[in-house]
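Understanding the architecture of this molecule
Listed below, chain by chain, are the residues.
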Amino acid sequence: MKALLYLGCTVPVRNLNYELSVRLTARALGIEFLDEEAFGCCGFPAKSLDSRDSLLLAARNLALAEKRGLEVCALCNSCAAALAEAAHLLDHNPELKKDVNKKLEIIGLRYEGPVRVRHYMRLLWEEVGLERIKIAVSRPLEGVKLAPHYGCHYLKPSELTAGFDSPDLPRTMAELIAVTGAVSVDYSTLKDCCGGAVLGFSEPVANALAAKKLEELSRIEAHALVLVCPFCNVMYEGQQKKIAKAMGVDIKVPVVYYPQILGLALGLSPDELGFKLNRIKPAELLKMVEA
Amino acid sequence: MNRKKLNELDPSFKEQVARQPGGEGLRVCFGCKACTAVCPIEPVDKRYDPRKIIRMALLGMKREVLEADFIWLCSSCYGCQEVCPQNVCFTEVMFAIKNLAVAEGCVPPGLAAQKTLLKQHGRLYEVTDFENEKREKLGLPKIVEHPEDYDALL
Ligand code: SF4
Ligand code: SF4
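Residues numbered from 1 in each chain as written. Chains lettered and ligands numbered in written order. Predicted model: local features only at pLDDT ≥ 70, side-chain atom pairs only at ≥ 80, totals over all residues. Heavy atoms only, no water.

**So, the overall build of chain A**
The helix and strand tally for chain A stands at 14 helices and eight strands. Since a compact globule built from 291 residues should have a radius of gyration of about 19 Å, the 19 Å found for chain A is in line with a globular shape. Structurally, chain A occupies a C-alpha span of about 55 × 45 × 35 Å along its principal axes. Here the analysis covers contacts within chain A between residues at least 6 apart in sequence; of these, 76% occur between residues at least 24 apart. Put simply, chain A shows about 11400 Å² of open surface, and 52% of that area lies on carbon and sulfur atoms. Chain A carries 35 positive and 35 negative side-chain charges, and their two centres are separated by 3 Å. (Helix = DSSP H or I, 4+ residues; strand = E, 2+ residues; numbered from the N terminus. Rg over C-alpha atoms; globule rule 2.2 N^0.38 Å. Contact = heavy atoms within 4.5 Å. Areas by Shrake-Rupley, 256 points an atom, 1.4 Å probe, with all protein chains shown as cover. Lys, Arg positive; Asp, Glu negative; His and termini not counted. Charge placed at Lys NZ, Arg CZ, Asp CG, Glu CD.)

In structure tokens:
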């Protein structure tokens, strides 16, 4: 299958390990990604300021995708949700679409719709499927203990994620981890919010949200926390040292992106998958894989 | 801003919220507190209580809500929205409230800076040659900004 790869604002400048591993695993599994250099912000960051602006920014990206005649694959939970929500709103409200198109016209664009938007995890789940991934695994990650973190916008609002996964009993990520041969651990803070959206307003509150999960994972000695969103990464990887210091405890939880894990299982090398860019190195995990 | 008027209760406040995109649900809240029970912010900062914010809005406490710094603590996790028996969509109501606060001139500095970035670069982070050279070394395509579009749209 073919899709336009939507990188968003954060991934292409701060999370190149995520981007590299997405591109490589997609190629290995028969997903053809095309780039659209005119893509910009998904609109979500503007939603607190003005929901109409936020919709307009999302619609611009959707219109660009429509011009290319392709569906969109996003890497950030919030980008995927914001773009999918915008498509849903525009496809169900002709008046709203008319208003948005009046503004898009100024920059020579138009959205008719529908344009489909899915997160990379959803493409893996729905387009590739567990069976095909299983066949492609050449280096099962035996003995590796991994903790999935879905992230709020992966599962909610449920109108947008229906048919994919459930906010009450999420399972897609756990199964996509298990298919690599690793053990996906179940843990009590699994569904905690990372707090990323609060960081710009109150660092102590944001840190308090992320701390519980880090504390638990440090205690149960998971080899790594597995993410699929750069927002969650800001909290769990970027803030981890500060959180440990503020709490006066010794936490060390390596943080990886799911496609990096998948890539290892597909036989790709840690270097190609950007592991050098992980700031809290999953040293033990890599040792086990390379042994 | 007319401070004196805002000092008093403003019975039309709930209508103002309800007129914002996503704010409609406010009217049907019956105060069950399911939202507060699942909110991850409430246990960390007691000032942030979803049900209380709805009550304040329904009572017309416009100034107390729009000028409060706690309204910016919502993490938009959608937890409240999932459990609400009345389909209030409180996450969306919070966006409506924040949009009104911005319209009244109550904008946290970080957010104002984001708007400027979006207008000038169309992205949250400016992409310079430095980033693109790093990308090129890793075999990744160049990122191109389209500031003219964003200047026209925002
Ligand atoms: S859960 Fe819904 S109905 Fe109950 S208090 Fe919260 S918003 Fe109101
Ligand atoms: S969306 Fe906001 S109000 Fe609702 S549960 Fe999450 S943090 Fe609390």
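**A few points about the overall build of chain B**
If you tally the helices and strands in chain B, you get ten helices and zero strands. Each helix and strand of chain B, ordered N terminal to C terminal, gives the series α-α-α-α-α-α-α-α-α-α. Carbon and sulfur atoms provide 54% of the accessible area of chain B, an area that totals close to 7500 Å². Counting 22 positive and 22 negative side-chain charges, chain B places the centres of these two groups 7 Å from one another.

**Quick notes on helix α14 (residues 283-290) of chain A**
All names here are of chain A. For α14, the full list of buried residues reads L285, L286 and V289. Take α14 and look down its axis: the buried residues cluster within an arc of 95°, on one side only. Facing away from the buried side of α14 by more than 90 degrees, the exposed set consists of E284 and K287. Structurally, α14 contributes buried residues whose contacts are with β5 (145-148), β7 (224-227) and α13 (258-265). (Buried < 20%, exposed > 50% of the residue type's maximum accessible area, 1.4 Å probe, protein only. Arc of directions from axis to C-beta.)

**Some thoughts on the packing of aromatic side chains**
Enumeration over the complete set of coordinates arrives at seven aromatic pairs over all chains. Pairing Y6 of chain A with F39 of chain A gives two aromatic rings, centres 5.1 Å apart and planes at 65°, and the pair type is edge-to-face. Of this pair, Y6 of chain A sits in strand β1 (residues 2-6) while F39 of chain A is found in the loop between β2 (32-35) and α3 (51-68), placing the two residues 33 residues apart along the sequence. Take Y6 of chain A and F39 of chain A: they sit in the same class, and that class is buried. Taken together, a centroid distance of 6.1 Å and an interplanar angle of 80° make the contact between F44 of chain A and F95 of chain B edge-to-face. Of the two residues, F44 of chain A sits in the loop between β2 and α3 while F95 of chain B sits in helix α7 (residues 90-103), which places them in two different chains. Pair check on accessibility: F44 of chain A and F95 of chain B agree, each one buried. (Phe/Tyr/Trp six-rings, centres within 6.5 Å; stacked < 30°, edge-to-face > 60°.)

**Considerations on the site of ligand 1**
Taken together, 13 residues lie around ligand 1, and C29, C32, K33, C35 and C84 of chain B are the ones closest in. Counting only elements with at least two residues in the shell around ligand 1, the list comes to α3 (34-38) and α4 (50-59) of chain B. (Near = heavy atom within 4 Å.)

**Re the domain arrangement of chain B**
Once the domains are mapped, chain B shows domain 1 (3-103) and domain 2 (109-153). Here domain 1 of chain B and domain 2 of chain B have C-alpha centroids that lie 33 Å from each other. (Domains from an automatic or database assignment.)

**So, the side chain of R60 of chain A**
Along the chain, the position of R60 of chain A falls in helix α3. Of note is the side chain of R60 of chain A, whose polar atom sits 2.9 Å from the backbone oxygen of A38 of chain A. With near-sequence residues (within four places) excluded, R60 of chain A lies in contact with A38, F39, G40, L104, I107 and L109 of chain A together with H146, D149, Y150 and L153 of chain B. (Polar contact = N/O pair within 3.5 Å; in protein donor to acceptor, adjacent residues only side chain to side chain.)

**Looking at the pattern of salt bridges**
For the structure shown, the criterion picks out 27 salt bridges over all chains. Two residues, R68 of chain A and E36 of chain A, come together in a salt bridge whose shortest N-O distance is 2.8 Å. Highlighted residues: R68 of chain A in helix α3 and E36 of chain A in the loop between β2 and α3, separated in sequence by 32 residues. Exposure remark for R68 of chain A: the relative accessible area of 35% places this residue in the partly exposed category. Ionic pairing is found between R47 of chain B and D45 of chain B, a salt bridge with its closest N-O pair at 3.0 Å. For R47 of chain B, a relative accessible area of 42% puts it in the partly exposed group. Each of E71, R116, R118, R122, E126 and E127 of chain A takes part in a single network of salt bridges with overlapping partners. (Salt bridge = Lys/Arg side-chain N within 4 Å of Asp/Glu carboxyl O.)

**Concerning the interface of chain B and chain A**
With 46 residues of chain B in contact, the opposing surface of chain A contributes 48 residues. Between chain B and chain A, roughly 4400 Å² of surface is buried when both sides are summed, and carbon and sulfur atoms account for 66% of that area. It is E82, Y125 and L153 of chain B that lose the most area in chain B upon contact with chain A, and together they represent 15% of the buried surface on that side. The interface formed by chain B and chain A contains four salt bridges. With its nearest N and O atoms 2.9 Å apart, the salt bridge here joins R60 of chain A to D149 of chain B. (Buried area = accessible area lost by both parts, 1.4 Å probe.)

**Structural notes on empty space enclosed by the protein**
All names here are of chain A. All chains considered together, the criterion is met by five cavities of 30 Å³ or more. Mapped onto the lining of the largest cavity, the elements with two or more residues apiece are α4 (77-92), α7 (152-155) and α11 (230-238). Considering only residue class, the lining of the largest cavity consists of nine nonpolar, eight polar and no charged. (1 Å grid on protein atoms, 1.4 Å probe; cavity = no way out; pocket = protein on both sides within 12 Å on 5 of 7 lines; lining within 4 Å. Points joined across faces, edges and corners; volume = space filled by probe spheres on them. Nonpolar A, V, L, I, M, F, W, Y, C, P; charged D, E, K, R; others polar.)

**Quick word on the domain arrangement of chain A**
By a widely used convention, the size of an interface equals the accessible area lost when the partners come together. Residue and element names in this part refer to chain A. The domains assigned to chain A are domain 1 (2-119) and domain 2 (137-290). The centre of domain 1, based on its C-alpha atoms, is set 24 Å off from the matching centre of domain 2. Listed as interface residues are 23 residues of domain 1 and, on the opposing side, 22 residues of domain 2. Approximately 1900 Å² of surface area, both sides summed, lies buried where domain 1 meets domain 2, with 74% of it carried by carbon and sulfur atoms. Contact with domain 2 buries surface across domain 1, with N17, Y18 and N77 losing the most and accounting together for 31% of the total. Our count for the contact surface shared by domain 1 and domain 2 stands at seven residue pairs in polar contact (both at pLDDT 80 or more). When contributions to the side of domain 1 that touches domain 2 are tallied by element, the ones reaching two or more residues are α2 (16-28) and α4. For the side of domain 1 that touches domain 2, the class distribution of residues is 13 nonpolar, nine polar and one charged.

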